[in-house]
Structure formats: structure tokens, C-alpha cells
Amino acid sequence: QLAQHLKGRCASVSFKPSRPFKLVTAGKDDTKTNFHKGPPFAKVPSDGGVPSETAHSKGAVYCVRYNSSGTLAVSVGTDRSLCVYEGKEFKLL
């Protein structure tokens, strides 16, 4: 279920360190940041703009990380942007 990026390549994965467990993945060949709930982990569908998986405008997303409390997730892309997401609902801050 995690191979939903273009060409199936994932550049970075980060786990939420507290319950409910979630993870965020970054695509090496696309601009998407995918969010998953689990276990078993399944992609959270984009419904009404949440989660905001297309926050980066162009290029690849190289790194994603949760903070130590799991309240924020961050993604960094080749478009030189830093996107901060709310860790529970995946809203773009």
C-alpha cells in the first residue's frame, strides 16, 4: 500500500511516534506527500483538500519528518519550500 508514488519510488518515510499511529511518505519522482493511517497502513484519501498532498509546486519531495510529540509533520522539496502539516488531520499550516 505504500507504493503509491510515481514509479513506486519512495524517498523518505516518517512514523508518528504516538497513537494513533500514522506515517507520511515522500515521492522521489513526484511532488506528492502521501499520508497513511494504520496499522495496517492505508493511504488517507484526499477529501476536500485534506490532506494537502500536493503542497509542493514542482520537483521531488526529498524528506519528511514528524516532530517528537507527533503534532507536526514537515516536508522539504526541490522547489526550496518547507511545508508544515498538522499531525492529526494533515492540514497544511
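Everything below is about the structure printed above this text.
Residues numbered from 1 in each chain as written. Predicted model: local features only at pLDDT ≥ 70, side-chain atom pairs only at ≥ 80, totals over all residues. Heavy atoms only, no water.

Draft legend 1. Fine view of the sheet that holds strand S1 (residues 10–15). The four strands lie next to each other as S1-S2-S3-S4, forming an open sheet whose pairing is antiparallel. Each edge of the open sheet carries a strand with a single partner, namely S1 and strand S4 (42–43). (Pairing = 2+ DSSP bridges. Helix = DSSP H or I, 4+ residues; strand = E, 2+ residues; numbered from the N terminus.)

Draft legend 2. View of the packing of aromatic side chains. Taken as a whole, this structure holds three aromatic pairs when the rule is applied. Seen from their ring centres, phenylalanine 35 and tyrosine 85 are 5.1 Å apart, and the 70° between their planes marks the pair as edge-to-face. Of this pair, phenylalanine 35 sits in strand S3 (residues 33–37) while tyrosine 85 is found in strand S7 (residues 82–86), placing the two residues 50 residues apart along the sequence. Here tyrosine 85 falls in the buried class, since its relative accessible area comes to 1%. Through successive ring pairs, a cluster of aromatic residues spans Phe35, Tyr85 and Phe90. (Phe/Tyr/Trp six-rings, centres within 6.5 Å; stacked < 30°, edge-to-face > 60°. Buried < 20%, exposed > 50% of the residue type's maximum accessible area, 1.4 Å probe, protein only.)

Draft legend 3. View of unusual backbone geometry. Residue proline 20 is bonded to the preceding arginine 19 through a cis peptide linkage, with omega at -10°. On the secondary structure map, proline 20 appears in the loop between S1 and strand S2 (22–27). Here the amide bond leading from proline 39 into proline 40 is cis, since omega sits at -10°, within 30 degrees of zero. One can find proline 40 in the loop between S3 and S4. A positive phi angle is found at phenylalanine 90, which is not glycine, with a value near 65°. On the secondary structure map, phenylalanine 90 appears in the segment after S7. With a relative accessible area of 1%, phenylalanine 90 lands in the buried category.

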